[in-house]
Amino acid sequence: MREHTRTYFLGRLAGELELRGLSTRLRADPPSLRVGEPGPGHLTETVDCVALGEGWFYRWSWGEVLASTADPGAAADRIVRILSGS
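Everything numeric here is computed off the predicted structure, so don't read it as measured data.

Peer 1: I keep staring at the overall build of the protein and nothing clicks. Help me out?
Peer 2: Looking only at helices and strands, one finds 2 helices and 5 strands in the protein. In sequence order, the secondary structure elements of the protein are arranged as α-β-β-β-β-β-α. Its C-alpha atoms give the protein a radius of gyration of 12 Å, near enough to 12 Å, the size a compact globule of 86 residues would have. Each principal axis of the C-alpha atoms in the protein carries an extent, and together these give about 35 × 25 × 25 Å.

Peer 1: What am I meant to see in helix 2 (residues 72–84) here?
Peer 2: Side chains that are three or four residues apart share a direction in an α-helix, a result of its 3.6 residues per turn. For helix 2, with 13 residues, the first-to-last C-alpha span of 18 Å sits near the 18 Å given by 1.5 Å per residue. Of the residues trailing helix 2, Gly85 is marked for its positive phi of about 80°.

Peer 1: What is the right way to look at the packing of aromatic side chains in this model?
Peer 2: Applying the stated criterion to the full structure yields 3 aromatic pairs. Their ring planes at 5° and their centres at 5.1 Å tell us that Trp60 and Trp62 sit as a pair that is stacked. Residue Trp60 is classed as buried on the basis of its relative accessible area, which comes to 2%. Taking the relative accessible area as the measure of exposure, Trp62 reaches 52% and is therefore exposed. An aromatic cluster of three or more residues is present, and its members are Tyr8, Phe9 and Trp56.

Peer 1: Even after reading the chapter, I still don't get the nonpolar core, so can you show me in this structure?
Peer 2: It is characteristic of soluble globular proteins that their nonpolar side chains tend to be buried jointly. Core analysis: the largest hydrophobic core is formed by 19 residues, its most contacted members being Leu13, Leu17, Tyr58, Leu66 and Ile79. Listing elements by their share of this core, those giving two or more residues are helix 1 (2–19), strand 2 (31–36), strand 3 (44–52), strand 4 (55–60), strand 5 (65–68) and helix 2. Look past the residues within four positions of Leu13 in its chain and what remains in contact with it is Leu33, Val47, Tyr58, Pro72, Ala75, Ala76 and Ile79.

What counts and how
- Residues numbered from 1 in each chain as written.
- Predicted model: local features only at pLDDT ≥ 70, side-chain atom pairs only at ≥ 80, totals over all residues.
- Heavy atoms only, no water.
- Helix = DSSP H or I, 4+ residues; strand = E, 2+ residues; numbered from the N terminus.
- Rg over C-alpha atoms; globule rule 2.2 N^0.38 Å.
- Expected span 1.5 Å × (residues − 1).
- Phe/Tyr/Trp six-rings, centres within 6.5 Å; stacked < 30°, edge-to-face > 60°.
- Buried < 20%, exposed > 50% of the residue type's maximum accessible area, 1.4 Å probe, protein only.
- Core = buried A, V, L, I, M, F, W, Y, C linked by side-chain atoms within 4.5 Å.
- Contact = heavy atoms within 4.5 Å.

This is the structure we're talking about:
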């Protein structure tokens, strides 16, 4: 059940990122989301999803919490800022 929850939240984030013009690829095992600007040679990042005491959160590949899964739009905005260098 936990893997389905992670996949669900990552799918919601993927939708928000695609609305903002980024490319995404959902990986199944373990569930993670590869995010980048379209085209070759652009910066990419991997995001996963973890359950913590206060709920579910998106997390950068290096382990830092990115944002709550309750607001995938805010997480997408932060990812866009990081990938664009703003």
